[in-house]
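Analysis of the macromolecular model
The primary structure of each chain is shown beneath.
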Amino acid sequence: MPDTPYLLAAVAVSTAVTWALRALPFAALAPLRASAVVRYLSTRMPAGVMVILLAYCLRDLPGSGSRAVAPVVALAVTVGLHLWRRNALLSILGGTAVHVVLASVVLGR
């Protein structure tokens, strides 16, 4: 059975490493908070992420047919909600809900 000092040292080292790894991102990012680049990215990233998600979700969509109905209607709902409320979370959740309902219940896929 290991000695008590050995166990205490192992717990102390584990605690120190865990604390350091959790504190490191905050310490490293603190100087960047006032950066003009970070402010610019914080305003542009949500739209960029939405464009990437749009391209990913619609990449294999056929141009016509019943398989295209649910994603196209969900896309229209998402865009409409976003233009109406300017709330990304509401837009994403609303579009996702419409797609799930259409794809699962209405179109029976």
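In what follows, the structure referred to is the one given above.
Rules and cut-offs
- Per chain, residue numbering runs from 1 following the sequence as it is written.
- With pLDDT at 70 or above as the cut-off, local features in this predicted model cover only qualifying residues; side-chain atom pairs require 80 or more to be listed or tallied, and sums for whole chains, interfaces and linings still use all residues.
- To obtain the side-chain values, all non-hydrogen atoms of the structure were included, while hydrogens and water were left out.
- Here a strand is any run of E in DSSP of at least two residues, a helix any run of H or I of at least four, and the numbering for each starts at the N terminus.
- Here the expected length of a helix is defined as 1.5 Å per residue gap, with one fewer gap than residues.
- Only protein chains enter the accessibility calculation, which uses a 1.4 Å probe. A residue is then buried if its area is under 20% of the maximum for its type, exposed if over 50%, and partly exposed in between.
- Think of it as the arc spanned by the lines of direction from the helix axis to the C-beta atoms.
- The reported bend at a residue is simply the angle between two axes, fitted to the 7 residues ending at it and to the 7 residues beginning with it.
- Any pair of nitrogen or oxygen atoms within 3.5 Å is treated as a polar contact; in protein, a donor-acceptor pairing is required on top of that, and neighbouring residues in sequence qualify only through side-chain atoms on both sides.

Here we look at helix H3 (residues 69–85)
Helix length check: H3, at 17 residues, gives a terminal C-alpha distance of 24 Å against a target of 24 Å (1.5 Å per residue), a fit within 8%. Considered for burial, the residues of H3 that qualify are Ala70, Pro71, Ala74, Thr78 and Leu81. What you see down the axis of H3 is that its buried residues fit within an arc of 95°, all on one side. Facing away from the buried side of H3 by over 90 degrees, the exposed positions are Ala76, Leu83 and Trp84.

A short note on helix H2 (residues 36–58)
Here H2 is 23 residues long and its end C-alpha atoms lie 33 Å apart, about the 33 Å a rise of 1.5 Å per residue gives. Taken as a whole, H2 carries its principal kink of about 40° at arginine 44; the proline proline 46 stands between one and four residues after it. The residue sitting at the N-terminus of H2 and contributing the capping side-chain oxygen is serine 35; that oxygen lies 3.2 Å from the backbone nitrogen of valine 37.

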